[in-house]
Amino acid sequence: MKTLETDIAIIGVGSAGMVAYKSARKHTDRIVTIESGPYGTTCARVGCMPSKLLIAAGNAARAVRQASHFGVHAPAPRIDGVAVMQRVREERDRFAQFSVDEVEAWPPEHRLHGLARFIAPGVLQIDDHTQVRARTVVIATGASPVVPSELKEALGERLIINDDVFDWQDLPQSVAVMGSGVIGLELAHALHALGVRVRLLSRNHKIGPLSDPDVLASAQHITAAELPCAFNSQLEQATRTEQGVQLHYTNEDGSSTTETFDYLLMATGRKPNLSGLNLAAAHVALDERGQPSIDTLTRQIKNQPIFITGDAHSERPVLHEASDDGFAAGNNAAAWPDVRPYPLRASLGIVFSKPQIAMVGKSHRQLQQNKQAFARSTQSFANQGRARVDGNNSGMLALYADPSNGRFLGAEMIGPEAEHIAHLLAWALQQEQTVAQMLACPFYHPTVEEGLRSGLQRLRQALKD
Ligand SMILES: Cc1cc2nc3c(=O)[nH]c(=O)nc-3n(C[C@H](O)[C@H](O)[C@H](O)COP(=O)(O)OP(=O)(O)OC[C@H]3O[C@@H](n4cnc5c(N)ncnc54)[C@H](O)[C@@H]3O)c2cc1C
Ligand SMILES: NC(=O)c1ccc[n+]([C@@H]2O[C@H](COP(=O)([O-])OP(=O)(O)OC[C@H]3O[C@@H](n4cnc5c(N)ncnc54)[C@H](O)[C@@H]3O)[C@@H](O)[C@H]2O)c1
């Protein structure tokens, strides 16, 4: 057994772990990173990038189909599944290789391979080959999909997760997608647009992270029109067949459906990779969800020389937050015990569905849960000028503001250009702008952003009422 002494041990070399390493390295050379899987990051290998590549292919197919709306008639697109998946894999590999190259350029003595777990405070066991004694530890272990073991046993390799999709050599004929959260929506829309027979199964009426009643109702309507869905359905039985899977489920109205698919894609949430770390040996207390109590600004686990980053602590499991966490944790792990707060950016989430969904700042649910007074406006995109020009005039924007000072608080949206409107809103939120200040900014004509201006004008009126 090899033993090592170091200042900082970083568990997990994904997006957060890589940034933590680079930040810590500015202060000390005594760093060890530990990675149990391949380098390349979840985002580039099996997350953000390959999913957006598949979505881009789906958007291209959709554009051809919708061209006739403009009087431009093209034959139905012929989808070459092998070529679609080849581009997804090749571009994915190219993105992932940038991270692999970066990590492999780090000094070899800074890189260990194996599964890390605590055996005592400040002491990590890596597989059965190395023990690392570290002054501080950064946990950057990411998250993994939740897959019920009984379904996995019943369906074997016909039950898949997002990772499997991006390794396909060809598109399958049919896929049932379980879960109408972020991953379920993005992949179901992309596969459907690429001509795969899809059924989106949801045990409730949720659409991604949406909570505003009007935006959610609009999203339910749009999603049901766009995709074959079974909302509020209950999977009763899943059986492996020679060709794939047979699913028997109860529908919202009590009727039953039996359908066969090539695969069942599980998209029912992701869980932080903490259970294998044996945090009890580090004297870290966990709550009922198996989460440690952390200071969100320093990223420190309360009263411990341990920092936690990215999807491993699940508050905001998106890429830019993982990078920010890594930066804060890397610097603080080096500075410990003189840690300092690193402020959070305005909260921003985007779902690359059709149309896109965006969440900025406080959601409707959070405002209600906090019992916070708020003014609200809603704005439909059905008659928005530029959206009608482009033939993507569906969706709804809800905006919230603080009645005590007129400051913008948050927004929920499904609709055209949501990714760009959400950025404008997040920047205004971070600058603590009032609705009046936002309306004093320029809005070009004719743009979808004019729909945002209409929503802000209504919000200004709601603040007066
Ligand atoms: C399908 C999908 C699409 C996504 N799309 C987007 C998007 O469009 N935009 C966006 O912002 N975010 C997106 N995300 C989320 C984003 O990918 C994550 O927030 C981000 O990758 C988290 O980075 P991380 O460093 O926390 O984890 P990871 O990159 O997963 O790194 C964790 C690393 O820790 C290693 N590890 C785990 N346990 C141990 C252990 N005990 N010992 C040693 N090593 C260990 C793992 O092998 C892994 O390499 C998507 C995620 C998925 C799954
Ligand atoms: N565009 C992006 O930024 C992007 C894309 C993909 C993933 N992500 C990140 O990854 C995280 C995880 O995504 P996700 O889609 O796995 O989780 P999610 O929490 O968004 O969705 C999970 C869905 O599964 C449902 N569900 C849970 N248990 C179920 C069960 N037993 N049966 C049926 N349905 C069930 C939930 O009601 C929910 O709708 C997201 O929160 C997001 O932060 C981000």
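Residues numbered from 1 in each chain as written. Chains lettered and ligands numbered in written order. Predicted model: local features only at pLDDT ≥ 70, side-chain atom pairs only at ≥ 80, totals over all residues. Heavy atoms only, no water.

By the naming in an unreviewed UniProt entry, the chain goes by Dihydrolipoyl dehydrogenase and is assigned to Lampropedia aestuarii. For the record of the chain, the UniProt heading Sequence similarities (unreviewed entry) holds the text "Belongs to the class-I pyridine nucleotide-disulfide oxidoreductase family." (UniProt positions renumbered as here; feature names shortened; annotations may be inferred.)

*Asks:* Would you explain helix 7 (residues 182-193) in this entry?
*Replies:* Along an α-helix, residues three or four positions apart point the same way, because every turn accommodates 3.6 residues. Taking 1.5 Å of rise per residue, twelve residues should cover 16 Å, and helix 7 covers 17 Å from first to last C-alpha, within 8% of that figure. Here helix 7 lies mainly inside the structure; nine of its twelve residues are buried. Of the positions making up helix 7, those classed as buried are Gly184, Leu185, Glu186, Leu187, Ala188, His189, Ala190, Leu191 and Ala193. Following helix 7 by one or two positions, Gly195 adopts a phi angle in the positive range, close to 85°. (Helix = DSSP H or I, 4+ residues; strand = E, 2+ residues; numbered from the N terminus. Expected span 1.5 Å × (residues − 1). Buried < 20%, exposed > 50% of the residue type's maximum accessible area, 1.4 Å probe, protein only.)

*Asks:* How should the nonpolar core be read in this particular structure?
*Replies:* One broad trend across soluble globular proteins is that nonpolar side chains are buried collectively. Leu54, Trp168, Leu171, Leu191, Ile207 and Leu210 are the most contacted members of the largest nonpolar core, which has 45 residues in total. Ile350, Phe408, Ala418 and Ala428 belong to the second-largest nonpolar core, a separate cluster that totals 28 residues. (Core = buried A, V, L, I, M, F, W, Y, C linked by side-chain atoms within 4.5 Å.)

*Asks:* Would you take a moment to explain the site of ligand 1 for this structure?
*Replies:* Contacts to ligand 1 come from 33 residues, most closely from Ala16, Glu35, Thr42, Lys52 and Asp311. In the environment of ligand 1, an oxygen atom lies 2.5 Å from a nitrogen or oxygen atom belonging to the side chain of Thr42. Contact between ligand 1 and Asp311: an oxygen atom at 2.8 Å from a side-chain N or O atom of the residue. Taking 1000 Å² as the accessible area of ligand 1 by itself, protein coverage stands at 89%. Among the secondary structure elements, those contributing two or more residues to the shell around ligand 1 are helix 1 (15-25), strand 2 (31-35), helix 2 (42-46), helix 3 (48-66) and helix 9 (319-335). Residues of the shell around ligand 1, tallied by class, amount to 16 nonpolar, 13 polar and four charged. (Near = heavy atom within 4 Å. Polar contact = N/O pair within 3.5 Å; in protein donor to acceptor, adjacent residues only side chain to side chain. Areas by Shrake-Rupley, 256 points an atom, 1.4 Å probe, with all protein chains shown as cover. Nonpolar A, V, L, I, M, F, W, Y, C, P; charged D, E, K, R; others polar.)

*Asks:* Sorry, what's going on with the sheet that holds strand 11 (residues 229-230) here?
*Replies:* Within a sheet, neighbouring strands are paired by backbone hydrogen bonds and run either parallel or antiparallel to one another. If you walk across this open sheet you meet the five strands as 8-15-9-10-11, and the pairing is parallel. Two strands close off the open sheet at either side, each with one partner strand: strand 8 (159-160) and strand 11. Relative to strand 15 (residues 263-266), strand 9 (residues 174-178) runs parallel, the two sharing four bridges. Bridge pairing links Val175 to Tyr263 in strand 15. (Pairing = 2+ DSSP bridges.)

*Asks:* Would you take a moment to explain the domain arrangement of the chain for this structure?
*Replies:* The extent of an interface is frequently quoted as the accessible surface area lost upon association of the parts. Along its sequence, the chain is carved into domain 1 (2-145 + 271-335), domain 2 (149-269) and domain 3 (348-464). Distance between the C-alpha centres of domain 1 and domain 2: 26 Å. Each partner contributes residues to the interface: domain 1 has 22 residues there, and domain 2 has 20 residues. Regarding the contact of domain 1 and domain 2, the summed buried area is about 1800 Å², with carbon and sulfur atoms giving 62% of it. Taken together, the links from domain 1 to domain 2 amount to three salt bridges. Across the pair Glu186 and Lys52 runs a salt bridge whose closest N-O atoms are separated by 2.8 Å. For the interface between domain 1 and domain 2, the tally reads seven residue pairs in polar contact (both at pLDDT 80 or more). When contributions to the side of domain 1 that touches domain 2 are tallied by element, the ones reaching two or more residues are helix 3, helix 4 (81-104) and strand 7 (143-145). Per element, the largest residue contribution to the side of domain 1 that touches domain 2 is ten residues, and it comes from helix 3. In terms of residue class, the side of domain 1 that touches domain 2 is made up of twelve nonpolar, four polar and six charged. (Domains from an automatic or database assignment. Contact = heavy atoms within 4.5 Å. Buried area = accessible area lost by both parts, 1.4 Å probe. Salt bridge = Lys/Arg side-chain N within 4 Å of Asp/Glu carboxyl O.)

*Asks:* Would you take a moment to explain the sheet that holds strand 13 (residues 245-250) for this structure?
*Replies:* With antiparallel pairing, the three strands of this open sheet are ordered in space as 12-13-14. Of all strands in the sheet, those with a lone pairing partner are strand 12 (234-240) and strand 14 (256-261), marking the two edges. Each strand axis lies, on average, 20° off the axis of its neighbour in the sheet, ignoring direction. (Axes fitted to C-alpha atoms, helices over the stretch in contact; angles between N-to-C directions.)

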